[in-house]
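Architecture at a glance
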Amino acid sequence: MRLTITGAAKSGKSTALRRLRDTALQATWAHILIADGRTARLGQAGPGERLRVRTNAAPEDVIAALTAAADRISARHSTSQHSADQQRELIVIDDVHLYTQAKAAKNAITTICENAGPSDVIIVASQREVGAIPPAARENINTRLVTLGDGYFQLTAIGQPRRQGRVSAAAPLAAADTLTPADLHNALQVRERRREPTLVTRYEGPAGSGRTYALNHHQPERTDLRIVFLDVRRLTHRELLTECLDRCGAAKPNDATIPDLLDIATIALQSKPTLLLLDNTDAASVKCRDTLAALLDSATEAAISALPPPAGRDRRDPIAAIRRRGHLVELEPISDKRANTLIKRRAPHLDTASRKTIVQQARGNPQALMAYCERVSTHGEDERHQLEGLKPPARWLNILVILCVLVGVILVQRHIANDTAGAILYGVLVLVMWYLRPIFRDMTRGGGGG
């Protein structure tokens, strides 16, 4: 078996590696080579020897040991010895990238991975394969373990179904003969993922009712939850899963398919108690809806936001299955009275004119209300003037002025035969209107009084 263990820092690589190493050491090996780049430890044992562990080992010693192992395995491979089981080797290298900067180490690991027999066990660990393990060696890897945090992992082996689970460091060690691609999950003490439905709160309301605001201010039952917020409308199917992994601190495998990403994302969500917030759930594509259901089941608690379901019996609701899982909280645009109360609580120093302007512009949307409140509080009266709308008569006055200008232009054109004089007059008229524009705008502003 040729196994790589990869994962982000603090994702559980060392825990998984130690368990597999201790499991392997229960068996008899012709040669043993164990190197830990982080603690500069080197352990070796030959036929009939006890494992000798030396600390503060220099990288040159590890490279020399790898080269010797490569020579032994290569010689055995070339002679096709029938006693391969009696000559099998155990090689475990942690933080392999610390050694593969040297060409000799790259060549040795490539040779080992190319020529190792079925009874040999080769385990190398690093945060990522690319850049740490030579490409020729990666092509001969038959088992890959990706750690995702808090013991959760995804196991992929050639010819075997993909498996997910959780390493139990405290569980008794499995038998050494479980170190095969087919049985490796038993050596790691797989715990099946839970499948019971997750408690979901759904916030529904028309546009402007503050669904996103309500979602961001959702109060979970537990206070120790990690928060993962995903906007379904903004992200594609693949981007949704990738961002979920990023927010969970999990590493994305290279060339992962969407089913692979979903498997990893569901495990990553379970790696810590998590509150999953899904905004604009009604915008999910057909293929994405099952993904959302799987993500919701993997979270400790969850809340979603969506537009109300379509009205009428003949209108199908594309996310009906998701809606049925959740406790409904209906939202409506808040009243002006409630909006003023929120503004006074958030920014009690604002004057009546500012509050009136904010209420008019927010139109009952609590998220917009808080945003405008913050802007006016920070920038003062100038920002309020930017938010103020025109009075209804001002729109008609604008139209009237435009009509007057057009009539004036037509009259000038009829009474001035000289094209040059007409062009000059038109230019003067445009400049005058441009300079009068700010004055005209301030005269037609609304919201000046309380």
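Quantities reported herein were computed from a predicted structural model and do not represent experimental measurements.

**Section: the pairing of strand E11 (residues 226-231)**
Where burial is concerned, most of E11 is hidden: 5 out of the 6 residues are buried. The sheet contact formed by E11 and strand E12 (residues 274-279) spans 6 bridges and is parallel. Each bridged residue has a counterpart across the sheet, and for Leu230 the counterpart in E12 is Leu278.

**With respect to the state of the cysteines**
Applying the stated criterion to the full structure yields 0 disulfides. Here Cys244 stays unpaired: no disulfide links it, and the sulfur of Cys248, its closest cysteine neighbor, is 4.3 Å away. Classification of Cys244 as buried rests on a relative accessible area of 0%.

**Regarding the confidence of the model for the protein**
Per-residue pLDDT for the protein has a mean of 82; in total, 85% of the residues score no lower than 70. Of the regions scoring below 50 in pLDDT, residues 444-450 engages in 18 contacts with residues more than four places distant in sequence or in other chains.

**Describing a nonpolar patch on the surface**
On the surface, a cluster of nonpolar side chains totalling about 220 Å² of accessible area is made up of Leu25, Leu51 and Val53. Position of Leu25 among the secondary structure elements: in the loop between helix H1 (13-24) and strand E2 (31-36). Relative accessible area serves as the criterion here: at 33%, Leu25 is assigned to the partly exposed category.

**A short note on unusual backbone geometry**
What you tend to see is this: most non-glycine residues have negative phi, and most peptide bonds are trans. Within the chain, Lys10 stands out as a residue other than glycine whose phi angle is a positive 65°. Mapped onto the fold, Lys10 is located in the loop between strand E1 (2-6) and H1.

The rules behind each value
Residues numbered from 1 in each chain as written. Predicted model: local features only at pLDDT ≥ 70, side-chain atom pairs only at ≥ 80, totals over all residues. Heavy atoms only, no water. Buried < 20%, exposed > 50% of the residue type's maximum accessible area, 1.4 Å probe, protein only. Helix = DSSP H or I, 4+ residues; strand = E, 2+ residues; numbered from the N terminus. Pairing = 2+ DSSP bridges. Disulfide = S-S within 2.5 Å. pLDDT = per-residue confidence, 0-100. Contact = heavy atoms within 4.5 Å. Patch = residues over 30% accessible without salt bridge, like charges linked within 9 Å, V, L, I, M, F, W, Y side chains within 5 Å. Areas by Shrake-Rupley, 256 points an atom, 1.4 Å probe, with all protein chains shown as cover. Salt bridge = Lys/Arg side-chain N within 4 Å of Asp/Glu carboxyl O.

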